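Notes for the structure review
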Amino acid sequence: MKLGIQNIFQSIWLTIAFVIVGGIMVYGQKSVHPRIYTTDQNKAVFLQTIENVPWKKELVTRKKERLQKYIALWKNDKEWLVSRLQMNWKTKHDKVYLEGGDFSHSEGKAPVPTVRFSGTRDWATEYRSPSLENITPYTDNPKGLYLEHKKTGKKEWVAPKESGHIIEGINRKIMSLVEDAAFLYWVTGDRVYADFATPVFAAYIEGMYYRDAPIDLANTNQQFLSGLATFEVIHEKILIHLITTYDFLYDHLKAQKINLSNAEAVFQKWGDQIIKNGVPNNNWNLFQARFLTYVALVLEPNSNYKNGKGREYYLDHTFNTSTERQISIKESLLVYDQENGIWPESASYSVHVITTLLNIITLLDHFTNANELSNFPIVEKAALASFQYLFPSGHTIGFGDSAHKKLPAENFELLITNYQKYGANEKRNIIANLLNDMIAEGDYKREAKDLFQLFFYVNNVVPNEEENEFDLPLVSPTFYAPNVSWINQRLGSEANAMMVATTGSYGNHAHSNGISIELFAKGSVLAPDMGKGSSYWHKDHTEYYSRMPAHNTVVVNGISDYEPMRSHHPFHLENSFPKTGETPIFDQVTFSNVSFVEPKTKARQLRFTSLIKGPSGAGYVVDVFRSRKPGSDGQRHDYFYHNLGAELKISSNEEVLKLEDTEDLGSHQGDLKAYDYLIEKKKLTTAKAVRANFNFTVEDGTSDLMEVWVKGSTDQTLYSAMAPKSKAITSGTSPKELLNKQIPTLIVQRNAEAWENPFAMVFNPLGKDEDNPILEVEYAQKIENSTAQQIQVKFKDEATQDNIVLNENESAIYDQGDLYQKGLLSITRTEENKAQPSFIFLSGMYRYEHNNWGIQASGAPVTFSFDIKENEIILQNDQPVVLNIPKPKNGSEAILYIYEGNELIDTRKGLKSWVNDEQLEFRLSKGYAKAVIKFQSSNNEK
């Protein structure tokens, strides 16, 4: 029986307190350790596992081998490891002062050496972190750190604020060795490991016990972000090393009379700092909650402490009680879009929120044995929804501060852990199949990277033999997530798989990108996002990577801009096909049509992007971008398009055009600083339609990647430039030759409004050793008193042609020749030797008439497809409609068959149109996923 949300969290407390359900551990007067990852009761089974499961045995072997060198050095000098901790060895300062996001100084006096605070919030640094062997023992020099410069190779004294995260990184590395030694002491019983770990753990704990939390002298927001060791409470990873060490080494520490009360006090102080500081309404909140879960589980019940801050206290602040900067998980999960399972941040952060939640739930469930995952169904939903982030290559999209990465397999491993533990075999088999597919495709290798994975991953993920085939659609032709302003389109499969991700700016870790696209085809993300800069505080990020010119979008007057990161500038989805989650029988077309008001200039923008499958199966992309600034004063619109490659050539009528060097585009003429990052700028002013070719040189010649057919226009100037490298692409989404290389960039500049006469592009992806599928693209001249855009795409067979008519909106009219269209979009494919079209696709349509084919919406505008075969026409509609087809030849009649699912529910004959003798008329009273008109002899009574 499902519990209400309040009862869910009340039920957690019933299982937490002192007893682990099932009688595994009972807490009375004695404190029992270890208990976070495992227990002594489970030790025998675990020892068998690491002998019999090769990938688990491998991690234990690696940890032993890693420690051998350091244990040998320690045996020769018992202070070798502890002396390399980054501590205030001489000064023993107990107070830390910051200047905003930088370390300022420390002062005061403690009775013991204290832990040094990190150098800066910004992780980007020009200096290398030294190996442990190259660290001077007991270093505590007022000059700072003596580090090697990455470029010069010379060592120099460096102020902590110039050292990035080197200080915290050294301490974390040392404490990871200590954690491994504590674990191996529990596994082997060899006291060498315990003696190696104990003095280092004790020195750090005492050093943190006597040191205060940092104070920001500048009184900035940094005061509310800092942890005890680092500038962000979400980076306190060393805390887990310390807690795990304490858990495995507890009996030895107690026997050695180490002050365990001080250790517990440090864990409490750390937990309090995490509750007090942080960011309550994004991924930080969950990362903080993970640390709090470890703190809670390592501590004893509240009653053991005078301050009452024990296990229940920190679990309550993790799951149930919200404070100013630490929202409970109960509330945090409400941030998810409950319908689609998407977290409101960019993809890379969203998928790791899922990982973090599953970590927390797994830890708690190990303690309670109460199937905690069942209390959080949105987490399961989010894990499966994360597949919608994927390009066909299996890499996540790159909008905002994301990069093209694989989904964390840990998410699926931990689902399997839960399903297997609680006998949810059907779910287990579904996820096991997914994980095994990832393994088979080379996307994942089962291995344990840390102790958490070692203890909680199941030994094998082979699905049960019975019922291991499941039809689970993980992606859909379109997917719309309004809470991050993102819509995907997918078309085709295997070598012809294409995808376009269209994004606005909404939620956390967003960029100032207007309406931006990423385009995947031919196995690569040909038009990528640029990703994030060197760090969030580095100039390359604040000036370029997070700004509009780094994206495939339109910049108005060179100044379009707004604050990135936590952004609230989504697009509005005007139209799309198909609807999210639906897979229609008509699979030749997808599209999205989104609107946006650019905040800086108040320009209205409207972007229509469509994937269309060509007759060979290879697809192309139509992109029509409207942009207009209000008012009659001068305006300029720059259409930016970045594509993989080493070279960009622009041609017209097969002639390569020469572009001239230019100093245009840059902050010197009032443009954004982002324009200054463009180099090798060249310029051509022409009203002609042109082709832009992106290519690169390979061993056996030139490889073309993309051909862009650019509509010509008066007041139009073309620029080519090289932009900084994309930090989003990876070896899975780009040819390896183009990684870390500058990105060729096409800029189409319109020195006039671009609404009535919009930008129009046809993107034609080109595969190596493949024939060019498109012969020619023609753009009709602007029609007076019309904002319609007409495009003709002619294919290489010289017989097939697509005719696309796109109006500004559903109420606009296009009336030329024998084509009448009141509605948004029509796409008609014709073949030279066929009397009838191959298909007609209509969307947002009130009325359409062409060559005796037509529809009339009965109310709301309709999306409708005629898929025309030799003896039948397959129909699909989403609204009530009257449809017309050409009257069949004499001796034939047309019969309409209507289906609900796969069941035939009605048939009827076509009626002669009362307005056109050459047409038959049919009526559909509602939307149908499938209807078929079949032609048969009028004498065929059957």
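Rules of the game
- Residues numbered from 1 in each chain as written.
- Predicted model: local features only at pLDDT ≥ 70, side-chain atom pairs only at ≥ 80, totals over all residues.
- Heavy atoms only, no water.
- UniProt positions renumbered as here; feature names shortened; annotations may be inferred.
- Axes fitted to C-alpha atoms, helices over the stretch in contact; angles between N-to-C directions.
- Helix = DSSP H or I, 4+ residues; strand = E, 2+ residues; numbered from the N terminus.
- Parallel < 35°, antiparallel > 145°, perpendicular 65-115°, else oblique.
- Left-handed = near helix turned anticlockwise from the far one by under 90°.
- Contact = heavy atoms within 4.5 Å.
- Nonpolar A, V, L, I, M, F, W, Y, C, P; charged D, E, K, R; others polar.
- Buried < 20%, exposed > 50% of the residue type's maximum accessible area, 1.4 Å probe, protein only.
- Pairing = 2+ DSSP bridges.
- Core = buried A, V, L, I, M, F, W, Y, C linked by side-chain atoms within 4.5 Å.
- Salt bridge = Lys/Arg side-chain N within 4 Å of Asp/Glu carboxyl O.
- Arc of directions from axis to C-beta.

- By the naming in an unreviewed UniProt entry, the protein is Heparinase II/III-like protein, taken from Maribacter dokdonensis.
- UniProt's Subcellular location (unreviewed entry) comment on the protein is quoted here verbatim: "Cell envelope".

Overview of the packing of helix 4 (residues 166-188) against helix 5 (residues 191-209)
- It is the contact of helix 4 with helix 5, at a shortest axis distance of 8 Å, that shows an interaxial angle of 140°. The orientation of helix 4 relative to helix 5 falls into the category oblique. Here the hand of the crossing between helix 4 and helix 5 comes out left-handed. Between helix 4 and helix 5, the residues in contact are Asn171, Ile174, Met175, Leu177, Val178, Ala181, Ala182, Leu184, Tyr185 and Thr188 and Arg191, Tyr193, Ala194, Phe196, Ala197, Val200, Phe201 and Tyr204, respectively.
- Classifying every residue of the contact of helix 4 with helix 5 gives 15 nonpolar, two polar and one charged.

Digging into the pairing of strand 44 (residues 919-924)
- Burial of strand 44 is extensive: five of the six residues sit out of reach of the surface.
- Pairing analysis gives six bridges linking strand 40 (residues 881-886) to strand 44, with the strands arranged antiparallel. The residue bridging valine 882 from the neighbouring strand is arginine 923, located in strand 44.
- The pairing of strand 43 (residues 911-912) with strand 44 spans two bridges and is antiparallel. Note that in strand 44 the partner of leucine 911 across the bridge is glutamate 921.

Thoughts on the nonpolar core
- Judged by nonpolar contacts, the single largest core of 148 residues is most densely connected at Tyr37, Phe267 and Trp270.
- If one sorts the elements of this core by residue count, helix 4 sits on top with 13 residues.
- For tyrosine 37, the contacting residues outside a window of four places in its chain are Ile240, Thr244, Asp247, Phe248, Tyr294, Leu363, His366, Leu451, Phe452, Phe455 and Phe456.

Brief notes about the sheet that holds strand 6 (residues 145-149)
- Strand order in the open sheet formed by three strands is 5-6-7, and the pairing between neighbours is antiparallel. The two strands at the open ends of the sheet, each matched to only one other strand, are strand 5 (127-128) and strand 7 (155-158).
- Bridging between strand 6 and strand 7 involves four bridges; their strand directions are antiparallel. Across the sheet, residue glutamate 148 finds its bridge partner in strand 7, namely lysine 155.

Remarks on the pattern of salt bridges
- Under the defined criterion, the tally for this structure stands at 42 salt bridges.
- One salt bridge in this structure joins lysine 63 and aspartate 180, with 2.7 Å as the shortest N-O distance. Highlighted residues: lysine 63 in helix 3 (residues 54-76) and aspartate 180 in helix 4, separated in sequence by 117 residues. An identical accessibility class is assigned to lysine 63 and aspartate 180; each is buried.
- One salt bridge connects glutamate 380 with lysine 427, and the closest N-O pair in it is separated by 3.1 Å. Placement of glutamate 380 in helix 12 (residues 377-385) and of lysine 427 in helix 14 (residues 425-440) is noted, with a sequence separation of 47 residues between them.
- The exposure class assigned to lysine 427 is partly exposed, which follows from its relative accessible area of 41%.
- Bridged by salt links that share partners, the residues Arg35, Glu300 and Arg311 form one connected network.

Digging into helix 2 (residues 43-52)
- Turning to helix 2, its buried residues number three or more, namely Phe46, Thr49 and Ile50. Across the axial projection of helix 2, the buried residues extend over an arc of 90°, all falling on one side. Exposed positions of helix 2 whose direction lies more than 90 degrees from the buried face are Ala44, Val45, Gln48, Glu51 and Asn52.
- Those residues of helix 2 hidden inside the fold are in contact with helix 3, helix 4 and helix 15 (451-456).

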